[in-house]
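This is what each chain is made of:
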There are 2 protein chains.
Amino acid sequence: MLYSYYLETYIMKKIPNIYNANCPTRLILDRIADKWTVLIIGQLSSGTLRFNELKRSVPGITQKMLTQTLKGLERDGIIVRKIYATVPPKVEYTLTKLGKSLIRVVEAIRTWAETNVKDILQSQAKYDSKF
Amino acid sequence: MLYSYYLETYIMKKIPNIYNANCPTRLILDRIADKWTVLIIGQLSSGTLRFNELKRSVPGITQKMLTQTLKGLERDGIIVRKIYATVPPKVEYTLTKLGKSLIRVVEAIRTWAETNVKDILQSQAKYDSKF
DNA sequence: CCGCATCCTATGAGATACTG
DNA sequence: CAGTATCTCATAGGATGCGG
């Protein structure tokens, strides 16, 4: 079941189906579109961080959302979680190779966004002024 | 107010602040991460379509979400809306130049997603099997 | 044909309090 | 320190019915 999309498209040689909720593009969009994911990856891009270091470096994030997002990222293989059985406990989060390659994707989006933000904001202002 | 981010970063020469909700990257992520936006842009990439043509070509979309998404895209200057004062009414939607350039961004995401989906799904399966 | 208005529900996400 | 658990509220999104 987990592999249904993969089976469909890669093994059975069908074309990717963007309308499928398991479509890779949708999978990635849903992940990076998350409110906090990009911020967390941004912080980890400079190196390993502990839980509370991350919490402090991402302004406004709650413990719940940090935990939740980190779990999802670990599940996707984008970060690794290393636990030290010390007192007090210590947990480190590091980007994997996969996670590091994701930085470039976000950069591409940022480049497009920054070159076009002026047009978009102007279009929005023009649209809104009609009402 | 609408231009606050733009003023801050481009006119006042400050660096982009990804933590600001008006940050261009966040603006674009929020737009393309929308459940339907990518699908609609995908359909329009092959040419102009009418409202009900779009509705039929995007399986599962409701009238509400189609209207809502199209409005947002028009507001952002990504599509243009042309109304024909006929009976029955006819409304056509077409990608703007800006909208067409967005296709390439989505393609970049798709490329990354498709090259890495296998690893991600395997990581997820491995993670889930632990519990 | 192309919507808008309304109601309803599920999920997302913040605040708060508690534990190994 | 690094979480979990629960409560609550806001929003997104689906279903349905009406209107120009």
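Treat the numbers as computed from the prediction; the structure is a model and nothing was measured. (Residues numbered from 1 in each chain as written. Chains lettered and ligands numbered in written order. Predicted model: local features only at pLDDT ≥ 70, side-chain atom pairs only at ≥ 80, totals over all residues. Heavy atoms only, no water.)

1. Some words on the sheet that holds strand 1 (residues 49–50) of chain A
Residue and element names in this part refer to chain A.
Now for step 1: Here we have 3 strands laid out as an open sheet, ordered 1-3-2, and antiparallel in their pairing. Of all strands in the sheet, those bounded by a partner on one side alone are strand 1 and strand 2 (79–84).
Now for step 2: Where strand 2 and strand 3 (residues 90–95) come together, 6 bridges link them in antiparallel fashion. Looking at the pairing, Tyr84 lines up with Lys90 of strand 3. (Pairing = 2+ DSSP bridges. Helix = DSSP H or I, 4+ residues; strand = E, 2+ residues; numbered from the N terminus.)

2. Here's the deal with the protein's contact with DNA strand D
Now for step 1: As a structural note, the neighbourhood of DNA strand D is formed by 18 residues, with Gln63, Arg81 and Tyr93 of chain A together with Lys35 and Lys64 of chain B the closest of them.
Now for step 2: Looking at DNA strand D alone, sugar and phosphate atoms form 62% of those within 4 Å of the protein.
Now for step 3: Contact distances for DNA strand D include 3.2 Å between a sugar or linking oxygen and a backbone N or O atom of Pro89 of chain A.
Now for step 4: Of all the elements in the fold, those that place two or more residues in the surface near DNA strand D are helix 4 (51–57), helix 5 (63–75) and strand 3 of chain A together with helix 5 (63–75) of chain B. (Near = heavy atom within 4 Å. Polar contact = N/O pair within 3.5 Å; in protein donor to acceptor, adjacent residues only side chain to side chain.)

3. What to know about the protein's contact with DNA strand C
Now for step 1: Surveying the vicinity of DNA strand C reveals 17 residues, the closest of which are Lys64 and Met65 of chain A together with Thr67, Arg81 and Tyr93 of chain B.
Now for step 2: Here DNA strand C approaches the protein such that, of its atoms within 4 Å, sugar and phosphate make up 62%.
Now for step 3: Lys64 of chain A has a polar side-chain atom sitting 2.7 Å from a base oxygen of DNA strand C.
Now for step 4: Between Lys71 of chain B and DNA strand C, the recorded distance is 3.1 Å, taken from a side-chain N or O atom to a phosphate oxygen.
Now for step 5: For the surface near DNA strand C, the secondary-structure elements that each account for two or more residues are helix 5 of chain A together with helix 4 (51–57), helix 5 and strand 3 (90–95) of chain B.
Now for step 6: Looking at the surface near DNA strand C, the element that brings in the most residues is helix 5 of chain B, giving 3 residues.
Now for step 7: Looking at the surface near DNA strand C residue by residue, the classes come out as 8 nonpolar, 4 polar and 5 charged. (Nonpolar A, V, L, I, M, F, W, Y, C, P; charged D, E, K, R; others polar.)

4. As for the environment of Leu66 of chain A
Residue and element names in this part refer to chain A.
Now for step 1: Tracing the backbone through its elements, the reader meets Leu66 in helix 5.
Now for step 2: A residue is classified by how much of its surface remains accessible, and Leu66, at 0% relative accessible area, is buried.
Now for step 3: Sequence spacing of Leu66 and Thr37 is 29 residues, and the spatial spacing of their C-alpha atoms is 9.1 Å.
Now for step 4: Leu66 has contacts with Ile40, Phe51, Leu54, Lys55 and Ile61, leaving out every residue within four places of it along the chain. (Buried < 20%, exposed > 50% of the residue type's maximum accessible area, 1.4 Å probe, protein only. Contact = heavy atoms within 4.5 Å.)

5. With respect to the pattern of salt bridges
Now for step 1: With the rule as written, the count across this model stands at 10 salt bridges over all chains.
Now for step 2: Between Lys90 of chain A and Glu92 of chain A there is a salt bridge, and its shortest N-O distance comes to 3.9 Å.
Now for step 3: In this structure, Arg110 of chain B and Glu107 of chain B form a salt bridge, with 3.3 Å as the shortest nitrogen-oxygen distance. Taken together, the positions of Arg110 of chain B and Glu107 of chain B, both in helix 6 (residues 97–129) and 3 residues apart, correspond to about one turn of that helix. (Salt bridge = Lys/Arg side-chain N within 4 Å of Asp/Glu carboxyl O.)

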